[in-house]
Structures are given as C-alpha cells and as structure tokens.
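The chain contents come next:
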Amino acid sequence: MECCETTFVHEDLVRKVHERLPEEEKLYALAELFKVFGDYTRIRILYVLFEEEVCVCDLAEALHMTQPAISHQLKILKQAKLVGSRRDGKSVFYSLADGHVRTMIAQGREHIEE
C-alpha cells in the first residue's frame, strides 16, 4: 500500500468530505444493511427470490435446507426490509421487498463478474 511521503492535510478536501458525509446513524444503518448481505445463506435466499416469489417449503427444497433454518433467515431479511410476504390460504409467499433489492443484487453480481 502506497502512502504519502509527507504529512500534509488538505483542509479544503477534508472540509468538503465533512460537508457531504451522511449522519453517523445513517452510516451505521447502511453498515448493518450490508451485514445482512454478508451471509451466504441469506444471499442464496435473496437470489431465489430474485427469480421467483416462493413459500418457505419451496425455499427449503430449492436450497436443501430445513424450514426452520429458512424461516430464521427470512426473519432477518424481513427486519432489514429486504423481503416481503403475503398470505395465500395456508401458505405464506415471500418476495423481494422492492426494486431496490433487485438492483443491489444485480449490481453486486455484475461487479463480481467483471
């Protein structure tokens, strides 16, 4: 990693950064959101939901996992507002919460495939 050879603070640049930096609580919330994306199982679930709205039974079968394990991860995804649900009779179907989630997944995939 290259470093500067001298210590000189560019006050004008630092001032601009401070003016544009979001509030601490917003940065914390963003970091927490990305933590949710940092779990392999949750990424797998989101990717399935990227393709199709499904119930817990379908997710468990598609990902070769137990329903309780899927339900636990779905709870975390719902709390992060990444996943929504709807009841249809005795079944509950899950889907991506909105287009932003689809965009984040698509852009993340595009980034790793560059």
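One can find the structure itself at the top, above this paragraph.
None of the values given here were measured: they were computed from a predicted structure.

**Focus on the packing of helix 4 (residues 56-63) against helix 5 (residues 67-79)**
Helix 5 packs onto helix 4 with a crossing angle of 110 degrees between their chain directions and a minimal axis gap of 9 Å. Considered as vectors, helix 4 and helix 5 are oriented roughly perpendicular to each other. At the point where helix 4 passes helix 5, the crossing takes the right-handed sense. The residues of helix 5 that touch helix 4, namely those facing Val 56, Cys 57, Leu 59, Ala 60 and Leu 63, are Gln 67, Ile 70, Ser 71 and Leu 74. Residues of the contact of helix 4 with helix 5, tallied by class, amount to seven nonpolar, two polar and no charged.

**Focus on the pairing of strand 2 (residues 83-88)**
Bridge count for strand 2 against strand 3 (residues 91-96) is six bridges, and the pairing is antiparallel. Opposite Asp 88, over in strand 3, you have Ser 91 as the bridge partner. A loop of two residues connects strand 2 with strand 3, the two strands running antiparallel in sequence, and Gly 89 in this loop sits at a positive phi of about 65 degrees.

**Concerning the packing of helix 3 (residues 40-51) against helix 6 (residues 99-112)**
Their axes nearest at 10 Å, the elements helix 3 and helix 6 cross at an angle of 110 degrees. Of the possible angle classes, the one that applies to helix 3 and helix 6 is roughly perpendicular. Seen along the crossing, helix 3 lies across helix 6 with a hand that is left-handed. Facing helix 3, whose interface residues are Leu 46, Tyr 47, Leu 49 and Phe 50, helix 6 presents Val 101, Arg 102, Ile 105, Ala 106 and Arg 109.

About the criteria used
Residues numbered from 1 in each chain as written. Predicted model: local features only at pLDDT ≥ 70, side-chain atom pairs only at ≥ 80, totals over all residues. Heavy atoms only, no water. Axes fitted to C-alpha atoms, helices over the stretch in contact; angles between N-to-C directions. Helix = DSSP H or I, 4+ residues; strand = E, 2+ residues; numbered from the N terminus. Parallel < 35°, antiparallel > 145°, perpendicular 65-115°, else oblique. Left-handed = near helix turned anticlockwise from the far one by under 90°. Contact = heavy atoms within 4.5 Å. Nonpolar A, V, L, I, M, F, W, Y, C, P; charged D, E, K, R; others polar. Pairing = 2+ DSSP bridges.

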